[in-house]
Amino acid sequence: MKALLEYLACNLVDTPEAVTIKEREGRYTITYELKVAPDETGKVIGRNGRVAKAIRDLMSVSAARQKKRVHIDIE
């Protein structure tokens, strides 16, 4: 799932080398901290959070296959 998030984030921003992802795994949940360059945060969040919601929806489907829940924090 981390690879999927990295793929999505790197293709949305102009500087993919600035993308960092930290993963914290609990018993039933996985939390990802996604950091991008400060001037590109808007590209990942999107207008009214639409892009962020789409990313979270895709990650939720992927997590459901593993019987887990996923949270994504965008910084």
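The numbering scheme is per chain: residues are counted from 1 as the chain's sequence reads. Local features in this predicted model are restricted to residues of pLDDT 70 or higher, and side-chain atom pairs are both shown and tallied only at a pLDDT of 80 or more, whereas totals for entire chains, interfaces and linings draw on every residue. Excluded from the side-chain calculation are hydrogens and water; included are all heavy atoms of the structure.

K.L.:
Would you mind showing me how to read the sheet that holds strand 2 (residues 29-35) here?
P.N.:
Note on sheets: strands pair through backbone hydrogen bonds, and any given pair is parallel or antiparallel. By definition, two strands form a pair when at least two bridges between them are found by DSSP. Numbered from the N terminus, helices here are DSSP runs of H or I no shorter than four residues, and strands are runs of E no shorter than two. Taken together, the three strands give an open sheet; going across it, the order is 1-2-3, and neighbouring strands pair in mixed fashion. At either margin of the open sheet sits one strand with a lone partner, and together these are strand 1 (20-25) and strand 3 (69-74). Neighbour-to-neighbour, the strand axes of this sheet turn through a mean angle of 20°, independent of strand direction. Bridge count for strand 1 against strand 2 is six bridges, and the pairing is antiparallel. Bridged to Lys22 within strand 2 is Glu33. Lines fitted to C-alpha atoms define the axes here, with helix axes fitted over just the stretch in contact, and angles between the N-to-C directions of these axes take values from 0 to 180 degrees.

K.L.:
Which parts of the structure should I look at to understand the nonpolar core?
P.N.:
Side chains that are nonpolar tend, in soluble globular proteins, to be buried together. With 17 residues, the main nonpolar core has Leu5, Val19, Tyr32, Leu34, Ile55 and Met59 as its most contacted residues. Taken together, the elements giving at least two residues each to this core come down to helix 1 (2-12), strand 2, helix 3 (50-65) and strand 3. Residue types Ala, Val, Leu, Ile, Met, Phe, Trp, Tyr and Cys, when buried and joined through side-chain atoms within 4.5 Å, form a set referred to as a nonpolar core. Burial status follows relative accessibility: with a 1.4 Å probe on protein chains alone, a residue under 20% of its type maximum counts as buried, one over 50% as exposed, and anything between as partly exposed.

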